[in-house]
Amino acid sequence: MTDPMNKTVDSAAQAVADIPDGATVLVSGFGLSGQPVDLLDALVEQGARELTVACNNSGSRDSGLARLIRLGRVRKLIASYPRGAESQAFESAYAEGKIEYECVPQGTLAERLRAAGSGLGGFFTPTGYGTLLAQGKETRVIKGVGHVFEEPLHADYALVKAYCADPLGNLVYRKAGRNFGPLMCMASATAIVQVHALAEVGGLDPEHIVTPGIFVQRVLRIPDTQLTGALQ
């Protein structure tokens, strides 16, 4: 009998099978650190189109998110840093008018995700006030400082990379791989997480768990033989 509390799936294809055309998808990662490449490659093979993707940067070379963009599967990119080393896919698509782009500063991106996951209606921030980033948004001067109102960033799905999980979906991250993952799990209706290791239920130190399983719906193990030893 299948355990309804067990959130593990057998393959990357199974993990992303129900992501539809037009979905809004959050993608974790800071550069290559914490990027769920296996899930993204599976999404390429799955074939979903017209996606809105929110992330820190647009990927590199021709795998993962960069490949999705090159193939024309991403309608809109919401990101802080779309350009970088070997990020030709986005640069080419944007220059040719094949992709929309919304620039969101990193701190604002993180706070919009946190607001969505916390059930908040938005927040005021001084970042972007008086610039093009504030066009069309509510502004207010608070104690002599100009602020811009930013709305929460909700998503249908999040594709996240963590280091270790248990079958309940509790997550432990490794160093810089933590980046946007915890907030993206909170801000999405369905969080899909790839990990390098699986622990038994009760096998994770509660003090090390960053994302509680209540925010995670699917877990896929992608073993990494280079990462061994104690959790960090």
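Higher on the page you've got the structure.
Residues numbered from 1 in each chain as written. Predicted model: local features only at pLDDT ≥ 70, side-chain atom pairs only at ≥ 80, totals over all residues. Heavy atoms only, no water.

Peer 1: Teacher, can you tell me more about the nonpolar core here?
Peer 2: It is characteristic of soluble globular proteins that their nonpolar side chains tend to be buried jointly. Of all hydrophobic cores here, the largest spans 32 residues; its most connected members are Ile19 and Leu159. Those elements that place two or more of their residues in this core are α1 (12-16), β1 (24-27), α2 (37-46), β2 (51-57), α3 (64-70), β3 (74-81), α4 (88-95) and β8 (155-161). A per-element tally of this core places α2 first, with five residues. Excluding anything up to four places from it in sequence, Ile19 contacts Val25, Leu43, Gln46, Ala48, Leu51, Tyr157, Leu159 and Ile192. With 25 residues, the next largest nonpolar core counts Leu113, Met184, Cys185 and Val219 among its residues. (Core = buried A, V, L, I, M, F, W, Y, C linked by side-chain atoms within 4.5 Å. Buried < 20%, exposed > 50% of the residue type's maximum accessible area, 1.4 Å probe, protein only. Helix = DSSP H or I, 4+ residues; strand = E, 2+ residues; numbered from the N terminus. Contact = heavy atoms within 4.5 Å.)

Peer 1: Looking at this structure, I do not really get the pairing of strand β6 (residues 139-142). What am I missing?
Peer 2: Successive residues of a regular strand alternate their side chains across the two faces of the sheet. Pairing of β6 with strand β7 (residues 145-150), which is carried by four bridges, proceeds in the antiparallel orientation. Residue pairing across strands places Thr139 opposite Val148, the latter belonging to β7. Counted along the chain from β6 to the antiparallel partner β7, the turn is two residues long, and its residue Lys143 has a positive phi close to 55°. (Pairing = 2+ DSSP bridges.)

Peer 1: Looking at this structure, I do not really get the pattern of salt bridges. What am I missing?
Peer 2: Two side chains with opposite charge may pair up if their charged atoms get near one another. The tally for this structure, following the rule as stated, stands at nine salt bridges. Here Arg112 makes a salt bridge to Glu102, at a shortest N to O gap of 3.2 Å. Placement of the pair is Arg112 in helix α5 (residues 106-118) and Glu102 in strand β4 (residues 100-103), with a sequence separation of ten residues. In this structure Arg112 comes out as buried when scored by relative accessible area, which is 9%. Ionic contacts of the salt-bridge type, sharing partners, join the residues Lys76, Glu102 and Arg112 into one network. (Salt bridge = Lys/Arg side-chain N within 4 Å of Asp/Glu carboxyl O.)

Peer 1: Just checking my understanding: could you explain the packing of aromatic side chains for this structure?
Peer 2: Each aromatic ring pair is described using two quantities: the centre-to-centre distance and the angle formed by the ring planes. Across all of its chains, the model carries four aromatic pairs by this definition. Taking 5.5 Å as the distance between ring centres and 20° as the angle between the ring planes, the aromatic pair formed by Phe90 and Tyr94 counts as stacked. Note that Phe90 and Tyr94 are positioned in helix α4 at a spacing of four residues, about one turn of the helix. Between the aromatic rings of Phe90 and Tyr101, the centroid separation amounts to 5.5 Å while the plane-to-plane angle is 70°, which identifies the pairing as edge-to-face. With Phe90 in helix α4 and Tyr101 in strand β4, this residue pair connects regions lying eleven residues apart in the sequence. By relative accessible area, Phe90 is classed as buried at 4%. With a relative accessible area of 23%, Tyr101 lands in the partly exposed category. Site record: aromatic cluster; members linked through ring pairs are Phe90, Tyr94 and Tyr101. (Phe/Tyr/Trp six-rings, centres within 6.5 Å; stacked < 30°, edge-to-face > 60°.)

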